[in-house]
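Residues per chain are reported as follows:
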Amino acid sequence: MTQSEHFSRTREAYDRLAPVWSATTDDGPYNGWLERPALRSSVPRPLTGLTVLDAGCGAGAQCEWLLSEGAEVIGVDLSAAMVAEAEARCAGRGRFFQADLAQPLDLAPRSVDGITSSLALHYLRDWQTPLRSFAEILRPGGWIVLSLDHPFAPALAGQHDDYFDTRLVSDTWTKADVEVTQHFWRRPLAAVMAEFAAAGFVIDAITEARPSSEALQRFPVELGPVSDVPTFIVYRLRSTITA
């Protein structure tokens with residue numbers, strides 16, 4: 001699969017998922033009750049008066065939460081349908097546009113205070129373009145909080161490659177009546193950290209997602225088996241550029 005084909009398939013899949021995404025993930029076990037709480041717990045507070053970019057905003061759940069915390073929000077996503085869902089969800093608040101994170105973002109240098117990115121970066125083979133774009137638009141003292149599949153997560157069906165390889169893998173999801181097969185990159189922990197360092201970031205904190213007791217009560221079948229298994233990991237990054 002070429003890079004262009006990969007992006008086209010990813011965009012098409014999320015366009016198809018957009019109408020059902022919020023209804024199937026906001027209160028769902030994996031996004032709503034496992035990954036999002038871990039990501040939000042890592043976001044520095046307070047956010048009042050800060051401008052925060054949500055890179056890969058999907059249908060706008062994270063943007064809505066950032067707005068509720070007092071932030072001014074910019075949301076971008078590869079899928080135009082997802083951007084439309086996010087705009088509708090946020091009801092005129094925030095600024096939204098379609099963008100491919102594989103290309104430099106059309107935002108002014110030093111125009112945002114923080115960046116969140118939920119399970120988006122792993123769709124890209126090359127991380128230096130998005131990470132350097134993030135570094136350029138962040139103000140001094142700014143931060144990034146991003147989530148990824150945990151590098152120590154169990155292998156997906158059909159995945160038999162060496163842990164130390166960076167490989168394109170796939171997973172099939174069914175959301176409501178929409179089934180898609182998504183392809184994304186898995187890379188070892190050392191490779192992840194090397195990418196951050198090469199773009200001028202240091203890791204300020206790491207959170208490994210674990211279901212809360214309430215989440216386990218609500219979704220014992222789905223979350224019980226992963227209560228002690230690595231699933232998602234959240235990195236909080238700080239730029240080493242101070243002036």
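Preceding this paragraph is the structure being described.
The present account deals with the structure reproduced in this document. From a predicted model like this one, the values you see are computed outputs, not experimental measurements.

**Brief notes about the sheet that holds strand 5 (residues 138-149)**
Consideration 1: Spatially, the seven strands line up as an open sheet ordered 3-2-1-4-5-9-8, and their pairing is mixed. Both outer strands of the open sheet, strand 3 (95-98) and strand 8 (201-208), are each paired with one neighbouring strand and no more. Shown here is a sheet whose adjacent strand axes are inclined to one another by a mean of 15°, direction ignored.
Consideration 2: In terms of strand pairing, strand 1 (residues 51-55) meets strand 4 (residues 112-118) through three bridges, oriented parallel.

**Remarks on unusual backbone geometry**
Consideration 1: Cis geometry marks the peptide bond from Arg45 to Pro46, where omega comes out at -5°.
Consideration 2: Inspection of the secondary structure puts Pro46 in the loop between helix 2 (31-42) and strand 1.
Consideration 3: For Ala91, which is not a glycine, the phi torsion comes out positive at approximately 50°.
Consideration 4: Relative to the elements of secondary structure, Ala91 occurs in the loop between helix 4 (80-90) and strand 3.

**Quick word on the pattern of salt bridges**
Consideration 1: If you walk through the whole model with that rule in mind, you get 11 salt bridges.
Consideration 2: When the shortest N-O distance is used, the salt bridge between Arg16 and Glu12 registers 3.8 Å. Separated by four residues within a single helix, Arg16 and Glu12 lie in helix 1 (residues 3-25), roughly one turn from each other.
Consideration 3: The salt bridge involving Arg238 is made with Asp204; its shortest N-O contact spans 3.5 Å.

**What about helix 3 (residues 61-68)?**
Consideration 1: A large share of helix 3 lies buried, amounting to six of its eight residues.
Consideration 2: Along helix 3, the positions that sit buried rather than exposed are Ala61, Gln62, Cys63, Trp65, Leu66 and Leu67.
Consideration 3: The inward-facing, buried residues of helix 3 contact helix 2, strand 1, strand 2 (72-77), helix 4, strand 3 and strand 4.
Consideration 4: Positioned one or two residues after helix 3, Gly70 has a phi angle of 95°, which is positive.

**Some details on a nonpolar patch on the surface**
Consideration 1: Nonpolar side chains collect at one region of the surface, where Phe152, Tyr163 and Phe164 lie side by side and expose about 340 Å² of accessible area between them.
Consideration 2: Here Tyr163 shows up in the loop between strand 5 and strand 6 (167-175).

**Side note on the side chain of Ser111**
Consideration 1: Its place among the elements puts Ser111 in the loop between strand 3 and strand 4.
Consideration 2: Overall, the relative accessible area of 18% leaves Ser111 in the buried class.
Consideration 3: Beyond its immediate chain neighbours, meaning those up to four positions away, Ser111 contacts Thr51, Ile137 and Arg139.

Analysis parameters
- Residues numbered from 1 in each chain as written.
- Predicted model: local features only at pLDDT ≥ 70, side-chain atom pairs only at ≥ 80, totals over all residues.
- Heavy atoms only, no water.
- Pairing = 2+ DSSP bridges.
- Helix = DSSP H or I, 4+ residues; strand = E, 2+ residues; numbered from the N terminus.
- Axes fitted to C-alpha atoms, helices over the stretch in contact; angles between N-to-C directions.
- Salt bridge = Lys/Arg side-chain N within 4 Å of Asp/Glu carboxyl O.
- Buried < 20%, exposed > 50% of the residue type's maximum accessible area, 1.4 Å probe, protein only.
- Contact = heavy atoms within 4.5 Å.
- Patch = residues over 30% accessible without salt bridge, like charges linked within 9 Å, V, L, I, M, F, W, Y side chains within 5 Å.
- Areas by Shrake-Rupley, 256 points an atom, 1.4 Å probe, with all protein chains shown as cover.

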